[in-house]
Amino acid sequence: MIMQRILALFVFAIFLDTPVARAAEVPSVPAAGSVETAKPTWHRLAVTNSWFANSHADARFMPQGIEGMYVTPDGTTYTNIRWEEGGGNVATVKADGTVQPQPTVPGYHGWGHSGGRAVTANSKYVFFSQQYNNEGGGLKNADNWPPAGKAWYGISRRSRSKIGSGPAFAGGKGGKDSPAGCFLPVHEVETSRKESDAHLRSLCASEDELFVSCPLDNKIRVYDAEQMTLKRSWEVADAWQIALDGEGALWVAIGEDATQLRRYDAQGKALPQSITLPAGSRLGSFCIDGAGRLLIGDVGRNECVLIFKDITSQPKLDGTFGVKGGIYSGTPGALAPLKFHQVRGIGVDATGAIYIANTQYRTNGPGVWLEKYSPAGELQWRRHCVVFTDSGAVDPSSDGKSIYGMTERYDVDLGKPPGEEATLAAYTANFHKYPHDPRFVQYDNSGVYVRRLDNQTFVVTTGMGSGQSPFCIYRLNATTDGEVMIPCVVWSNSTKYPHAPKGEWMWRDLNGDGQFDADEYVPTKVHEAYGGNSAFMDARGDIWMTCWGPLRKIDYRGLDRHGVPIYEGAFTTIPAPQPFHTVRRVRYDPEQDVMYLAGTMPGEKTHHWKSMGNHLCRYDGWSKGNRKATWHVVCTFQKGTPCEPISFDVAGDYAFVAVAERGKVGDQEIKRGHIDVYANKTGVSTGYIEPPGDWGVGWMDACECLSVHRRKNGEYLIIEEDDGRSKNLMYRWNPEASPSRR
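Fair warning: this is a prediction, and the values are worked out from it, not measured in the lab.

## With respect to the overall build of the protein
Assigned secondary structure in the protein consists of four helices and 52 strands. Taking 2.2 N^0.38 as the reference for a compact globule, 742 residues should give roughly 27 Å; the C-alpha atoms of the protein span a radius of gyration of 26 Å, in line with that estimate. For the protein, the C-alpha atoms occupy an extent of roughly 85 × 60 × 50 Å along the three principal directions. Residues counted as buried form 63% of the 742 residues belonging to the protein. Across the protein, contacts joining residues at least 24 apart in sequence account for 53% of those joining residues at least 6 apart. With an accessible surface of roughly 26,500 Å², the protein has 49% of that area assigned to carbon and sulfur atoms. Between the averaged position of the 79 positive side-chain charges in the protein and that of its 84 negative side-chain charges there is a distance of 1 Å.

Take a look at the structure:
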């Protein structure tokens, strides 16, 4: 995934100045009797610009996850994560919940840089782990990058007063897109080595020394905090997280999701104290507070914080913090104070306030909600980011008051100011009950559909577009599972699931228990050509897949006695109608019997494999056999660049088309987040929508990255994925041209 994005950026840089094709210049052969529309109208529509899924839209955005976290005595929280698309790998959150804007050139992320899994600080410096590479040998400077075929895993040291810079030290690397002389390589490894082996796992620091946990060679290393020179080391098998206690001794968690901690003096001598967690508990993170207590984020079924006292003499469990069962207590999945989930970061400041990093750790996607609690257990604030390359969708029955994402649900109050309308309400996955939910097995973030079939609500998830993407249907049962989505139908070709056969298959939950039993798989070839394209469930429950050329349709056959939708392995193949050579996106309105298709024409190639193609057509009377397009739009694109259509949706009286990347069409600058709007009866361009320029919007980076809902009052809620700063853009548009509130 990381290399895929870097290569895409490299290709974009090469083609940025290539010739431009206006819509009218693109050769096209509309079907007989169809109407080809003119190029888009460059009229910017008045919308209310908003967003959700991240606490902020600008440079104060929360990172897309937390793998390492440290809280200073004054309540400043530092976090780190290996991959952060917007470059916010290392984040700073002040005690009052203010997320500090990211430095302009922090050197956390970019050409040859990525983040890490560990962070710590003393009164002068912030230390965080990083990976440096040479982009396949393309970066050549011994002061900045490792030699060809190698990668560095090490530590960056920055000034706490200005985290974007720091005093250099002898032998330090960096200087190109990062502060010069501020990075210390700890491991130099072959680039073929698994990243998880070489990443530094944990850091902790006194005023004089920096302690480093190195699982790669099972060592604890100790460096001079000023000179950054190695002072000593000792072996600890499977060392993981570390922390210093009040006597200067080092506590070491043994292994990932540890059940045991051991204590060593600062020279590496084993001390008699140790802690063994209660049965069923697992350590996701730990810290030691100013009162000498050791706090453990329990990521087992308890999903709470374990508190140990007397840790320098005879450690003993002294209680817990948070509700036992965490987010699955009470109404399962519903967010509430003290209902924790996968606490992978924890810290305590000098006042006794506790900071909790709740994460979506066990899913293959990122996500975090960082909370601060008073010593009495009162929630002070919450900051969150819970998406990356996935987009939400309105529950149509809610008329815009509820939005589902891949792993979360939001309550929506459209009377609130922009950016505050959608409140994170629930985390909808449960590893403890449904460990083989696709979101834990092969989660490939992308779009969501919410459908009402036979008076029951279902949430449908699609993949980003790769050949390994699953297509999944989830059912809801508030009585048994609260907010948690229960897996019930999956199309995939992965062998990671229990009993999964080789090749393409459909799994349907025959007994309604959400487990993948051996007798619940059916072989099918429908998924073999789904990769790189998309799938859609219409309002009737029928499924349409675009398969590099033709369409494939899977008929909905009602619900079984467990409330699980009935589908068979069989499907119908429908040839691509004129003027298409390949069909890549589909929307079908069964009530109106209208089909909308997007794709490419003979002889055309898209710049990016995820593109939907430059052509969009409407077909009336589809079920009656009509294959003549009512209209044919050539969408906005710049030839030879990723400025091309990637996704579309239809709602009410309009069709909406998202463009993947910025570019230029004629004299018109196309900005990231660009959406063209067409009247769906005629195909005539209505105008376009773009976000504010200071929101740091990235690529529209998934095949199904756009979802639109028309409310009963005529307002349109337009939801668009944004991978740049890990959020969903939400535009509110009234066709009567209500003024923008931005």
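Next comes the rest of the description.
## Focus on the pairing of strand β31 (residues 456-461)
Of all the six residues making up β31, five are buried; the element is thus mostly covered by neighbouring parts of the structure. Where strand β30 (residues 448-453) lies against β31, six bridges are found, and the strand directions are antiparallel. When the sheet's bridge partners are listed, Leu 453 is paired in β31 with Gln 456. Where β30 hands over to β31, the hairpin turn is made up of two residues, of which Asp 454 adopts a positive phi near 50°.

## Describing the nonpolar core
Ranked by internal contacts, the top residues of the largest apolar core, which has 34 residues, are Ile 473, Trp 491, Ile 543, Met 545, Tyr 567, Leu 597 and Trp 622. Not counting residues up to four positions away in its chain, the partners in contact with Leu 597 are Leu 551, Pro 577, Phe 580, Val 583, Arg 585, Val 586, His 615, Leu 616, Cys 617, Tyr 619, Trp 622 and Phe 648. Met 464, Ala 651, Tyr 654 and Tyr 731 belong to the second largest nonpolar core, which has 26 residues in total.

## So, unusual backbone geometry
Cis peptide bonds are those with omega within 30 degrees of zero, and the linkage from Gln 578 to Pro 579 qualifies with 10°. One can find Pro 579 in the loop between β39 (572-574) and β40 (582-589). Even without glycine at this site, Asp 310 takes up a positive phi of about 55°. Mapped onto the secondary structure, Asp 310 falls in the loop between β20 (305-309) and β21 (316-321).

## Comments concerning the pairing of strand β8 (residues 150-159)
Most of β8 is tucked away: nine of the ten residues are buried. The pairing of strand β7 (residues 125-133) with β8 spans nine bridges and is classified as antiparallel. If you follow Gln 130 over to β8, its bridge partner there is Gly 154. Inspection of the sheet shows β8 paired to strand β9 (residues 183-190) by seven bridges, in the antiparallel sense. Bridging across to β9, Ile 155 finds its partner in Leu 184.

## A closer look at the packing of aromatic side chains
Under the definition given, this model contains 32 aromatic pairs. An aromatic cluster of three or more residues is present, and its members are Tyr 497, Trp 505, Trp 507, Phe 516 and Tyr 521. It is Arg 157 that lies over the ring of Tyr 125; its NZ or CZ is 4.1 Å from the centre. Cation over ring: Arg 439 sits above Tyr 474, and NZ or CZ is 4.5 Å from the ring centre.

## Focus on the environment of Ala 270
With respect to the secondary-structure elements, Ala 270 resides in strand β17 (residues 270-276). Along the primary structure Ala 270 and Val 236 are separated by 34 residues, whereas in three dimensions their C-alpha atoms are 9.8 Å apart.

## Notes on the environment of Lys 372
Mapped onto the fold, Lys 372 is located in strand β24 (residues 368-373). The exposure class of Lys 372 is buried, given its relative accessible area of 14%. Lys 372 sits 344 residues away from Tyr 716 along the chain, and the two C-alpha atoms are 36 Å apart. In this view, Lys 372 contacts Ala 95, Asp 349, Ala 353, Ile 354, Tyr 355, Glu 378, Leu 379, Gln 380 and Trp 381; residues no more than four positions away in its chain are not counted.

## Examining the sheet that holds strand β43 (residues 631-634)
Consider a sheet: its strands pair through backbone hydrogen bonds, and that pairing is either parallel or antiparallel. Across the sheet, four strands lie side by side as β40-β41-β42-β43; this open sheet has antiparallel pairing. Whereas interior strands pair on both sides, the edge strands pair on one side only; in this sheet they are β40 and β43. The average angle at which neighbouring strand axes cross in this sheet is 20°, direction not considered.

## A closer look at the sheet that holds strand β38 (residues 551-554)
Strand order in the open sheet formed by four strands is β36-β37-β38-β39, and the pairing between neighbours is antiparallel. Of all strands in the sheet, those with a lone pairing partner are β36 (535-537) and β39, marking the two edges. For this sheet the average axis-to-axis angle between neighbouring strands, irrespective of direction, equals 20°. Bridge analysis of β36 against strand β37 (residues 543-546) gives three bridges, and the strand direction is antiparallel. Paired with Met 537 across the two strands is Ile 543, which belongs to β37.

## Concerning the confidence of the model for the protein
Per-residue confidence for the protein gives a mean pLDDT of 90, with 91% of residues at or over 70. Counting interchain partners and residues more than four positions distant, the pLDDT-below-50 stretch residues 1-34 has 68 contacts. Contacts from residues 738-742, a stretch scored under 50 in pLDDT, to residues over four places away or in other chains number 15 contacts.

## A short note on the pattern of salt bridges
Enumeration over the complete set of coordinates arrives at 39 salt bridges. Of the charged contacts, one joins Arg 82 and Glu 67 as a salt bridge, the two residues approaching to 2.5 Å between their closest N and O atoms. Here Arg 82 is found in the loop between β3 (77-80) and β4 (91-93), whereas its partner Glu 67 is found in the loop between β1 (47-52) and β2 (68-71), with 15 residues between them in sequence. Note on Arg 82: relative accessible area 23%, which makes it partly exposed. Judged by relative accessible area, Glu 67 falls into the buried class, the value being 15%. Between Asp 542 and Lys 553 there is a salt bridge, with its nearest N and O atoms 3.8 Å apart. Of this pair, Asp 542 sits in the loop between β36 and β37 while Lys 553 sits in strand β38, and the two are eleven residues apart along the sequence.

So, how was this worked out
- Residues numbered from 1 in each chain as written.
- Predicted model: local features only at pLDDT ≥ 70, side-chain atom pairs only at ≥ 80, totals over all residues.
- Heavy atoms only, no water.
- Helix = DSSP H or I, 4+ residues; strand = E, 2+ residues; numbered from the N terminus.
- Rg over C-alpha atoms; globule rule 2.2 N^0.38 Å.
- Buried < 20%, exposed > 50% of the residue type's maximum accessible area, 1.4 Å probe, protein only.
- Contact = heavy atoms within 4.5 Å.
- Areas by Shrake-Rupley, 256 points an atom, 1.4 Å probe, with all protein chains shown as cover.
- Lys, Arg positive; Asp, Glu negative; His and termini not counted.
- Charge placed at Lys NZ, Arg CZ, Asp CG, Glu CD.
- Pairing = 2+ DSSP bridges.
- Core = buried A, V, L, I, M, F, W, Y, C linked by side-chain atoms within 4.5 Å.
- Phe/Tyr/Trp six-rings, centres within 6.5 Å; stacked < 30°, edge-to-face > 60°.
- Lys NZ or Arg CZ within 6 Å of the ring centre and 35° of its normal.
- Axes fitted to C-alpha atoms, helices over the stretch in contact; angles between N-to-C directions.
- pLDDT = per-residue confidence, 0-100.
- Salt bridge = Lys/Arg side-chain N within 4 Å of Asp/Glu carboxyl O.

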